[in-house]
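# Structural description and commentary
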Amino acid sequence: YAKFRSVSQRLESIKPSSLHRQLYILKHACTIAKRDWEWMSPSHVFNRVSIKRQPAQAIKRVSDQDIERLIDASKDSRNDLIGCAVILALETGLRRSELLSLEWDDADLEAGFISLSQTKSGHPGQISITRRTMAVMSALRAGNNASEGRLLPMTANALRLAFHRLRKRVGLEHIRFHDLRHEAVSRLFEKGLTPPEVASVSGHRTLSQLMRYSHADLNAVADKMKKADEAQPIQLGPMRLG
């Protein structure tokens, strides 16, 4: 506890959300020790720790223009797999670790599905192979002459560094690789899929988790509201002001 007591010092090296998780684990361990093992446990001291939460930041969508710039720039990248990784992340909505663990044996090209066994949630699933995904897979198979092993044979660090260089080259340093997953989920909703259908692709187990990844296109929302407003006649009765 002494190591974590100075909240201000800890927040110099980690985010408030990370400190919240760390303290929760410690508090839970102390609670279990006191309740189940009857140990002398100072679980109450964690109630004195107050961490100011940072306000949620608006999520900016990744536009088609941004994606095109990233893909065009990837053609000159030292890592010839980074462009394929960007497209697959956007088309599948997979996390980086899930994307890198995909193997050719996981893809059923005839049925049009990719089977997922190694997921963050621990629950297996299937995702549909889109035409764009199929095009990328065909390019990967032709380029690497591969029929087994991983689709993207590179390490997580190699992907991180390649994407960092890529986004810097095109002036899109605000985009994180994980933002492609956010964008993928948002686009699935815009295609008309229901929350359970989107969750079957994204792997989210609860609606609250899923909605954190869904961000409506404000311009599209504004257009829909405008069309609905124009279609509805204005009928106002006499109004008194003042």
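Nothing here was measured: the structure is a model prediction, and the numbers come from that model.

## Looking at the sheet that holds strand β1 (residues 107-108)
- Read from one edge to the other, the open sheet built from three strands follows the order β1-β2-β3, with strand pairing classed as antiparallel. The two strands at the open ends of the sheet, each matched to only one other strand, are β1 and β3 (125-128).
- Looking at chain direction, strand β2 (residues 113-116) and β3 are connected through four bridges and run antiparallel. Looking at β3, one finds that S115 is bridged to Q126.

## So, the packing of helix α4 (residues 64-74) against helix α8 (residues 156-169)
- Following both chains from N to C, one finds α4 and α8 inclined at 115°, their axes separated by 9 Å at the closest point. Compared by their axis directions, α4 and α8 come out roughly perpendicular. The handedness of the crossing between α4 and α8 comes out as right-handed. Residue-level contacts link L70, A73 and S74 of α4 to F163, L166, R167 and R169 of α8.
- Its residues placed into classes, the contact of α4 with α8 shows four nonpolar, one polar and two charged.

## Thoughts on the packing of helix α9 (residues 179-190) against helix α10 (residues 195-202)
- The interhelical angle for the contact between α9 and α10, taken along N-to-C directions, is 150°, at an axis separation of 10 Å. In this view, α9 runs roughly antiparallel relative to α10, as classed from their interaxial angle. Between α9 and α10 lies a crossing of right-handed hand. Contacts between α9 and α10 involve R181, V185, L188 and F189 on the former and, on the latter, P195, V198, V201 and S202.
- Counted by class, the contact of α9 with α10 contains six nonpolar, one polar and one charged residues.

## A closer look at the pattern of salt bridges
- All told, the structure shown has nine salt bridges when counted by the stated rule.
- Salt-bridge contacts for R187 lead to E183; the nearest nitrogen and oxygen are separated by 2.6 Å. Taken together, the positions of R187 and E183, both in helix α9 and four residues apart, correspond to about one turn of that helix.
- Using a relative accessible area of 3% as the deciding quantity, one classes E183 as buried.
- Linked through salt bridges whose partners overlap, the residues forming this network are R61, D64, E183, R187 and E190.

## Examining the confidence of the model for the protein chain
- Confidence in the prediction for the protein chain averages 79 pLDDT; 71% of positions are at 70 or higher.
- Taken element by element, the protein chain is modelled with least confidence in helix α1 (residues 2-5), mean pLDDT 54, and with most confidence in α8, mean pLDDT 96.

## Details of the packing of aromatic side chains
- Taken as a whole and assessed by the stated rule, the structure comprises two aromatic pairs.
- Seen in terms of ring centroids, W37 and W39 are 5.1 Å apart; in terms of plane orientation they differ by 55°. Their pairing is tilted.
- For W39, a relative accessible area of 53% corresponds to the exposed category.
- Taken together, a centroid distance of 5.3 Å and an interplanar angle of 85° make the contact between F163 and F177 edge-to-face. Note that F163 is positioned in helix α8 and F177 in the loop between α8 and α9, a separation of 14 residues in sequence.
- According to the relative accessible area criterion, F163 is buried, its value standing at 4%.
- A cation sits over an aromatic face here: R141 above W104, 4.4 Å from the ring centre.

## Focus: the nonpolar core
- In terms of nonpolar packing, the biggest core is built from 43 residues, with L99, I114, L140, L152, F163, F177 and L180 touching the most fellow members.
- Secondary structure elements with two or more residues in this core: α4, α5 (82-92), α6 (96-101), β2, α7 (131-144), α8, α9 and α10.
- By residue number, the principal contributor to this core is α5, which donates eight residues.
- Counting residues in each nonpolar core, the second largest holds five residues, with L19, C30, V45 and F46 among its members.

Rules used throughout
- Residues numbered from 1 in each chain as written.
- Predicted model: local features only at pLDDT ≥ 70, side-chain atom pairs only at ≥ 80, totals over all residues.
- Heavy atoms only, no water.
- Pairing = 2+ DSSP bridges.
- Helix = DSSP H or I, 4+ residues; strand = E, 2+ residues; numbered from the N terminus.
- Axes fitted to C-alpha atoms, helices over the stretch in contact; angles between N-to-C directions.
- Parallel < 35°, antiparallel > 145°, perpendicular 65-115°, else oblique.
- Left-handed = near helix turned anticlockwise from the far one by under 90°.
- Contact = heavy atoms within 4.5 Å.
- Nonpolar A, V, L, I, M, F, W, Y, C, P; charged D, E, K, R; others polar.
- Salt bridge = Lys/Arg side-chain N within 4 Å of Asp/Glu carboxyl O.
- Buried < 20%, exposed > 50% of the residue type's maximum accessible area, 1.4 Å probe, protein only.
- pLDDT = per-residue confidence, 0-100.
- Phe/Tyr/Trp six-rings, centres within 6.5 Å; stacked < 30°, edge-to-face > 60°.
- Lys NZ or Arg CZ within 6 Å of the ring centre and 35° of its normal.
- Core = buried A, V, L, I, M, F, W, Y, C linked by side-chain atoms within 4.5 Å.

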